[in-house]
Amino acid sequence: MLTLYGQVMSRAQRNLWLLEELEVPFEHVKVNQNAGESRTEEFLAINPNGHVPALKDGDTIIWETIAINWHIANQHGAGTLWPADGIEQALVMQWSLWMTTELEELLVDYLRHAMVYPEDKRDPAKVEAALAGYPVAMKVLEDHLQGRDYLVGDSFTLADLNVSSMMGLVDVYKQFDNSQFPMAIAWLEKVLGRPARAKALART
Ligand SMILES: N[C@@H](CCC(=O)N[C@@H](CS)C(=O)NCC(=O)O)C(=O)O
């Protein structure tokens, strides 16, 4: 039995959505990072970085959302969400890492400094940087999605899930000007509408 640590209103949403897509049974421990629960001695023994999520599979503990999803998809999604073809596997990883390196920090900075942090802790420079960086990354997505329904191949894969889940977290993408990105937004709203994501969101 797998154990997933992390509440749905965190990056753990990425893993919860995948587990629901693949209908994998798991125990859900709703560690609340906002209440300091990812920094307890007990949780630091699970993830020494003090972050959620983490996954326990037997004696193995895995952290980092992309690595967790890679493991789950390899074990339970081979030939579906995890493509059989080696080139497509590389492209799934390309898009997953693209999100974490090109867009994710910028979205998180925006969330923190425009929405979550109290006024006196907000840094307007972070908001400015996010507003400047968002269209640059989104143009890459928009250009790639011309004539395509999904990021890799012609069906929904782990690439679509890993990229869209972070943009869908509290609908952060709606905070930006998306008028130049119709294909990307149509793709995003299609994949975020999947029933398995709704099941993950219900795990509050
Ligand atoms: N790169 C990591 C980031 C994990 C992360 O920063 N998690 C946040 C929640 S989304 C967290 O635990 N924050 C609380 C803390 O660091 O104390 C991943 O993708 O798993």
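Just above, that's the structure.
Residues numbered from 1 in each chain as written. Predicted model: local features only at pLDDT ≥ 70, side-chain atom pairs only at ≥ 80, totals over all residues. Heavy atoms only, no water.

(A) Highlighting the site of the ligand. Neighbouring the ligand are S10, R11, Q33, S38, R39, G50, H51, V52, P53, E64 and T65. At 2.7 Å from an oxygen atom of the ligand is found a side-chain nitrogen or oxygen belonging to H51. For the ligand, a nitrogen atom lies 2.8 Å from a polar atom in the side chain of E64. Compared with its free state, where it exposes 520 Å², the ligand has 79% of that area covered by protein. Comparing atom positions with the cavity grids shows the ligand to sit within the largest pocket. Residues that form the shell around the ligand fall into these classes: 2 nonpolar, 6 polar and 3 charged. (Near = heavy atom within 4 Å. Polar contact = N/O pair within 3.5 Å; in protein donor to acceptor, adjacent residues only side chain to side chain. Areas by Shrake-Rupley, 256 points an atom, 1.4 Å probe, with all protein chains shown as cover. 1 Å grid on protein atoms, 1.4 Å probe; cavity = no way out; pocket = protein on both sides within 12 Å on 5 of 7 lines; lining within 4 Å. Sits in = over half its atoms within 2 Å of the grid points. Nonpolar A, V, L, I, M, F, W, Y, C, P; charged D, E, K, R; others polar.)

(B) Looking closely at helix α5 (residues 124–144). Under the 1.5 Å per step criterion, the end-to-end length of α5 is 31 Å for 21 residues, consistent within 8% with the ideal 30 Å. Of all the bends in α5, the greatest, near 25 degrees, is centred on G133, and the proline P135 appears no more than four residues after it. The complete set of buried residues in α5 reads V127, A130, G133, Y134, A137, M138, L141, E142 and H144. Contact partners of the buried residues in α5: α4 (86–116), α6 (158–168) and α7 (182–192). For α5, the N-terminal cap is D123; the gap from its side-chain oxygen to the backbone nitrogen of A125 is 2.9 Å. (Helix = DSSP H or I, 4+ residues; strand = E, 2+ residues; numbered from the N terminus. Expected span 1.5 Å × (residues − 1). Bend = angle between axes of the 7 residues up to and from the residue. Buried < 20%, exposed > 50% of the residue type's maximum accessible area, 1.4 Å probe, protein only. Contact = heavy atoms within 4.5 Å.)

(C) Structural view of the packing of aromatic side chains. Inspection of the entire model under this criterion finds 8 aromatic pairs. With centroids separated by 4.7 Å and ring planes inclined at 50 degrees, the aromatic side chains of Y110 and F176 adopt a geometry described as tilted. Of this pair, Y110 sits in helix α4 while F176 sits in the loop between α6 and α7, and the two are 66 residues apart along the sequence. Across the pair, F176 and Y110 agree in class, each one buried. With a centroid separation of 6.5 Å and an interplanar angle of 80 degrees, the aromatic rings of Y150 and F156 are classed as edge-to-face. Exposure class is identical for Y150 and F156. Each is buried. Put simply, the rings of Y110, Y134, F176 and F181 touch in pairs and so form one group of aromatic residues. The ring of Y150 carries the charged tip of K190 above its face, separated from the ring centre by 4.3 Å. (Phe/Tyr/Trp six-rings, centres within 6.5 Å; stacked < 30°, edge-to-face > 60°. Lys NZ or Arg CZ within 6 Å of the ring centre and 35° of its normal.)

(D) The arrangement of the packing of α6 against α7 in detail. Two numbers describe how α6 lies on α7: the axes approach to 10 Å, and their chain directions differ by 95 degrees. Between α6 and α7, the interaxial angle falls into the category roughly perpendicular. The residues of α7 that touch α6, namely those facing D160, V163, S164, M167 and G168, are W187, L188, V191 and L192. (Axes fitted to C-alpha atoms, helices over the stretch in contact; angles between N-to-C directions. Parallel < 35°, antiparallel > 145°, perpendicular 65-115°, else oblique.)

(E) Representation of the layout of surface pockets within the structure. In this structure, the largest pocket encloses a volume near 910 Å³. Taken together, 28 residues make up the lining of the largest pocket; nearest its centre are S10, R11, Q33, V108 and R112. Within the residue set of the lining of the largest pocket, elements represented by two or more residues are α3 (65–76) and α4. The element contributing the most residues to the lining of the largest pocket is α4, with 7 residues. In terms of residue class, the lining of the largest pocket is built from 12 nonpolar, 10 polar and 6 charged. Looking at the lining of the largest pocket, you find at least three residues from each of domain 1 (2–77) and domain 2 (86–198). (Points joined across faces, edges and corners; volume = space filled by probe spheres on them. Domains from an automatic or database assignment.)

Keep in mind these values describe shape, not function.
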